[in-house]
Structures are given as C-alpha cells and as structure tokens.
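Structure at a glance
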Amino acid sequence: MERCATLFLVIPPHVITALRESIGKDSVITDRESLLCYSYDATRREAIPDLLLRPGSAEEVSAILRIANREKIAVIPRGAGSGFAGGSVPVQGGIVLSVQCMDKILEIHKDDFYAVVEPGVITRNLQKAAEAEGLFYPPDPSSVNFCTLGGNISTGAGGARGIKYGTTKDYVMGLDVVLASGEMISIGTRAPRSVAGYDLTRLMVGSEGTLGVLTKAILRLIPLPEKIVTLAAIFPDLYSATSAVGQVLKSGIRPLVLEFMDRESIRVVKELLPIGVREKGEAMLIIEIDGPQGIIERELQRVEEICTKSGAIDVEKAATSSDREKLWTARRSVSPALYKINPTKINEDVVVPKSKLPDLIGEIEKIAAHYRLQIVSFGHAGDGNLHINIMTDDKNAEEYGRAREAVHALFKATLGLGGSISGEHGIGITKAPFLPMEVGDRVIGIMKEIKKVFDPNHILNPGKLWP
Ligand SMILES: Cc1cc2nc3c(=O)[nH]c(=O)nc-3n(C[C@H](O)[C@H](O)[C@H](O)COP(=O)(O)OP(=O)(O)OC[C@H]3O[C@@H](n4cnc5c(N)ncnc54)[C@H](O)[C@@H]3O)c2cc1C
C-alpha cells in the first residue's frame, strides 16, 4: 500500500519535541520493537508506524491532534488492535495513537442505568463492573476479554447477544470526541432519549477512527437477567441446523444467543468442549435463554423439542456454570484455532435477513466447490450474521488468487440475498474495495463530504473505508 503523498513520511524532529512537551516524553515512543507491536491487528496485515503515542487524557489527545493537523501527519486511533478489517493498521505510516492508558470506568449510575467510561476500558471489565451492581452491558463480541469499548464503538461491534439485545450501537448514549483540529466536543446525552438535531453520536459509531478520537463514552445499561440457561445441540447436517434456527425464531421465543458452528469449527476446538460432541455431527447450535427461572425452563424445553424435531442427534444442557464457561471458551477460540487448518484465513462477516440463512449456506457450499477451497463458517446465526473463513495460504499465489475471487463471489451472493458485506467487523482496509458494491458511488461521495467536514486535512486514519 502506497503512502499518501500529502502526508509526511517521517515525523520531523521539531514535531517529536513538541509532542514530548505536550504529553510527556514517556508517552512518546519511537523504538522499533514497540512500533512493531502496534503495526498489525487480527487480520495479520501490517505496516510499521513512524511513532507511537500513549496519551492519558482527552486534553493530551487534543494536543496531539492540534500538532498533527498543523503538520499534516496521519493519526491512527487504536484500541486493542483486535479488529478484523485492518482498521488500526497504519497503512500510510504516521502516528499510532493508542488509548490503552485511558482505561478507567468513571461512573456507574444504578438509578439511571448508564456508565461513563474511558475508551481503553476492556469490554469484559465493564460487564463485570455492571454485574456487580446488578446491571447488564449486553454487547458481547467474542473478543470481549481483550477488545476495548472505544474499538467496539468505532467498529459498531456486535456479538452473540445481538439477537436479543442489539449491538454496541444500541448502547451508546453519548460521546466525547476530539476532532482532527484538536477541538473537543461532547455529543449525545445522559437522558434516556434525545432528538436534538442530527444524531452525531450514531454517526461516530462505526466510523472506524476516521472522524475523530473517542475519549469518553456514556453507555446504556439494563437490568441483569435473573438467570441464563445454555444448551448445545448437534445436527447431522448444515440444513437441519439452519432450519432449527428458523424454527426457534418463529416459535416466538427470543433467545439470548443462537450461535452456529460447522463441522470444522467444532473440530478445531473439540478438546475445549465440555460436552461429548459426536463424531458424525456436522453442525452445532449454542442456544441461551435468559429471564426469570420458571419462564426460561419452559422456553428451554420448547427449544429442545424444536431442535430434536429439526433432526438434532444430541441436545445437551450445560449442567454447571463451569460447563457453560467451557462452552464459551471453546466458541470464542474458534477464530484463532482455525490457523490449525491453514496458515491464512480470509475472515468475512457477512449478514443476511434471518430467513435467508439456509440460502447463504447453500451459496457458500457452491462457492467452496467452484473455487476448490475449504470454507469454514460459524457465528451469530440468530442474527443472520456468519463468520465465513476462506482457508488458504497467501504464499501460494494461485490459490490465494482463487480465494480473493471467492470473497468477491461471497459478497455478490450476500448482496443478492438482501444482506450486507459486514455485520460487525467494519470496512477498514480489507473490505474497502467492496464498499461501492453495497452502498454505491453516490453514497460514498456523501460519506467523503462528511469526512471533509470533520477532518479537512484527511489526517485521521487515512486509507480506510475507501481505497
Ligand atoms: C478472536 C476474535 C473474536 C472476535 N469476535 C468479534 C465479535 O464477535 N464481534 C465483533 O464485532 N468483533 C469481533 N472481533 C473483532 C474485534 O475484536 C472488534 O472489531 C473490536 O470492536 C475491536 O476493538 P479493538 O479495541 O481491538 O479496536 P482496534 O482493532 O484497535 O480498532 C478498531 C477500529 O476502531 C478505531 N478505534 C479504536 N479506538 C478508537 C478510539 N478511541 N477513537 C476512535 N477510533 C478508535 C481504530 O482506528 C480502528 O479503525 C473479534 C476479534 C477477534 C480477534
């Protein structure tokens, strides 16, 4: 990827001096080993930044952006670097601005059901803090134990519980943002609702660090469910599993999660699973139901019946909280464990209307056969959002070429089914060439105009969203 000609390639010494004076010398990092650690994300794409900054406050972020904007130096905001779209990779060099030192939960308001957090808070830490107060922060990406809330907001992260409680965007009430100019703004509200002008809070959600740096967030909380029950159902083929998904959704029961894993996803984490997965199982559903004890037991029984009627060969309830935890550890480990199969995976996160899930599975099978590739699928079936992993080796140019073509075919099929090319990971660099396929040139033009208002010198996360 070429660097943008309008931006400095190397940070001039007077800029480094100004930054050291503004945020302290310990927060300005130049050694190559540290820079390497901030050069990649979960896509394994990499580009070494010229400088790493670790500010500790919104004021320091503002000082950095004032200097960078004046000097026209690229700034790439970064949370934990767990993104699956290359959003935090500094493809045009410049400054990586890590918010990892801004990691405080500032307030939890039990009566008004919201929390105020800094962007570097690890998502699981907010969930735990909320639970201690009898409250619930539902967004639950599988990376929950290491990703940050700032990253979640900036990517519009989803997760398993989206089916019942929605995704990150449904929980962002307000934000403090530092604009490219260094100006600090507060948007949104602590009140349960507001229609005061354009919804800039919603605009920031999913903007992938291209419109401003988030320095504080007001996040909605809800009451903690009384109880959660979990079951795993094993199916003899993909179609009986996806048909069970449809039947559960039609039954009027709204599960907390309804996750899907195909045979290879089960195989790569088999030793982590607490339950006896039968060898002949081609697919597994993990289903959770939350609510008051009496109701969830009844609903769970109904879901068990639906699974059995749809052809499940085994339906097993997680008997203890340790079994449940083990099941989730296994499910959350699928993505990294896939590297056991191939050195490279192209991980897409397409989403289709729920009723089209069986059609999507059919299209994936056709694409795998046509391009002679192994494709592994798992994910948030209850929301029509699957992680489609095209397994390949990027050192094998011929095969990798076929894999790239398969991605194009997958997006075409997804859009044909009325879906979207990204349900939760965002566009970043990996999907940038495909964004026009979904939204069209006119809409991209409007997005670019919005970008110009927020960041006229184009210093914030250049090279992302559109090539
Ligand atoms: C094993 C695994 C499982 C995953 N499962 C899921 C899942 O179930 N659902 C899901 O949605 N994602 C999932 N992801 C992807 C990833 O964890 C999410 O996209 C997450 O939201 C990224 O958070 P992060 O802190 O790592 O952000 P980063 O990767 O550091 O950054 C992501 C984007 O946000 C921007 N950004 C970060 N912080 C700020 C800030 N303070 N201000 C402005 N911009 C900022 C960056 O510039 C970048 O564009 C998974 C990843 C892994 C490795």
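Thresholds applied
Sequence order sets the numbering: in each chain, residues are counted from 1 along the sequence as written. With the structure being a predicted model, the display of local features is reserved for residues of pLDDT at least 70 and the display and counting of side-chain atom pairs for 80 or more, all residues being used for whole-chain, interface and lining totals. For side-chain calculations, the full set of non-hydrogen atoms in the structure is used, while hydrogens and water are omitted. Residue proximity to a molecule or strand is established when one non-hydrogen atom of the residue lies within 4 Å of it. Pairs of N or O atoms are called polar contacts if they sit within 3.5 Å, as long as, within protein, a hydrogen donor faces a hydrogen acceptor (for residues adjacent in sequence, only side-chain-to-side-chain pairs). All accessibility values rest on the Shrake-Rupley procedure with a 1.4 Å probe; residue burial counts only the protein chains present in the view. Helix and strand assignments come from DSSP, with helices taken as H or I runs of at least 4 residues and strands as E runs of at least 2, each series counted from the N terminus. Amino acid classes used here: Ala, Val, Leu, Ile, Met, Phe, Trp, Tyr, Cys and Pro are nonpolar; Asp, Glu, Lys and Arg are charged; the rest, including Gly, are polar. For two strands to be treated as a pair, DSSP must find no fewer than two bridges joining them. Between the N-to-C directions of two axes lies an angle of 0 to 180 degrees, each axis being a line fitted to C-alpha atoms and, for a helix, fitted only over the stretch in contact. A contact between two residues is defined here by any heavy atoms of the two lying within 4.5 Å. Salt bridges are defined as contacts in which a side-chain nitrogen from Lys or Arg sits within 4 Å of a carboxyl oxygen from Asp or Glu. Exposure is judged per residue with a 1.4 Å probe applied to protein chains only, and the accessible area is read against the type maximum: over 50% gives exposed, under 20% gives buried, and values in between give partly exposed. Throughout, nonpolar core names a set of buried Ala, Val, Leu, Ile, Met, Phe, Trp, Tyr and Cys residues whose side chains join them through atoms within 4.5 Å. Segmentation into domains, and thus their bounds, comes from an automatic or database assignment. Here the term patch refers to residues with relative accessible area over 30% and no salt bridge, with like charges joined within 9 Å and nonpolar side chains (Val, Leu, Ile, Met, Phe, Trp, Tyr) within 5 Å. A simple way to read buried area is as the amount of 1.4 Å-probe accessible surface that goes missing from two parts once joined, with both sides added.

1. Topic: the site of the ligand
Looking at the ligand, there are 35 residues lining it, with P77, G79, S82, S143 and T148 nearest. At 2.9 Å from an oxygen atom of the ligand is found a main-chain nitrogen or oxygen belonging to A80. Take G158: an N or O atom from its main chain is 2.9 Å from an oxygen atom of the ligand. Against a free-state accessible area of 980 Å², the protein chains account for coverage of 97% of the ligand. Elements with a contribution of two residues or more to the shell around the ligand: β3 (75-78), α5 (149-155) and β10 (213-220). In terms of residue count, the dominant contributor to the shell around the ligand is α5 (five residues). Here the shell around the ligand is composed, by residue class, of twelve nonpolar, 20 polar and three charged.

2. Describing the sheet that holds strand β12 (residues 227-235)
Spatially, seven strands are ordered β15-β12-β14-β13-β17-β18-β16 in an open sheet, and the strand pairing comes out antiparallel. The sheet terminates laterally at β15 (314-317) and β16 (344-348), the two strands that pair on one side only. The average undirected angle you get between the axes of adjacent strands in this sheet is 20°. As paired strands, β12 and β15 are joined by four bridges and run antiparallel to one another. Across the sheet, residue L231 finds its bridge partner in β15, namely K317. Set on the sheet, helix α8 (residues 238-250) makes contact with β12, β13 (257-262) and β14 (283-291); between it and β13 the angle comes to about 175°. Against the sheet, helix α10 (residues 293-309) touches β12, β14 and β15, its axis set at about 5° to β12.

3. What about the pattern of salt bridges?
Opposite charge on two side chains permits pairing when their charged atoms draw close. By the definition in use, this model includes 24 salt bridges. A salt bridge links D455 to K451; the nearest nitrogen and oxygen atoms lie 2.7 Å apart. On the basis of relative accessible area, D455 is assigned to the buried category, the value being 1%. Owing to a relative accessible area of 5%, K451 belongs among the buried residues under this scheme.

4. Brief notes about unusual backbone geometry
Leaving glycine aside, a negative phi is the common case for residues, and trans is the common case for peptide bonds. A positive phi angle is found at E208, which is not glycine, with a value near 55°. Relative to the elements of secondary structure, E208 occurs in the loop between α7 (200-204) and β10. The backbone of R372 sits at a positive phi, close to 50°, despite the residue not being glycine.

5. Things to note about the nonpolar core
One broad trend across soluble globular proteins is that nonpolar side chains are buried collectively. Counting 54 residues, the largest nonpolar core has F235, F260, L285, V303, L360, L386 and I390 as the members making the most contacts within it. Within the residue set of this core, elements represented by two or more residues are β12, α8, β13, β14, α10, α12 (357-371), β18 (385-392) and α13 (397-416). For this core, the leading source of residues is α12, giving seven residues. Three or more residues apiece are contributed to this core by two domains, here domain 2 (227-337) and domain 3 (341-427). Setting aside its immediate chain neighbours within four residues, V303 contacts L231, V248, I253, I287 and I289. Formed by 47 residues, the second largest nonpolar core is a distinct cluster that contains V117, A130, L149 and I222.

6. Here's the deal with a nonpolar patch on the surface
Taken together, the side chains of Y198, L200 and L203 define a hydrophobic patch exposed on the protein surface, amounting to about 330 Å² of accessible area. On the secondary structure map, L200 appears in helix α7.

7. Considerations on the domain arrangement of the protein chain
Domain parsing of the protein chain yields domain 1 (105-223), domain 2 (227-337) and domain 3 (341-427). Relative to domain 2, the C-alpha centre of domain 1 lies at a distance of 29 Å. Across the contact, nine residues belong to domain 1 and eleven residues belong to domain 2. Buried area between domain 1 and domain 2, both sides added, is near 940 Å², and the carbon and sulfur share of it is 53%. Looking at the side of domain 1 facing domain 2, the largest losses of area belong to S142, I163 and K164, adding up to 55% of the total buried there. Our count for the contact surface shared by domain 1 and domain 2 stands at two salt bridges.

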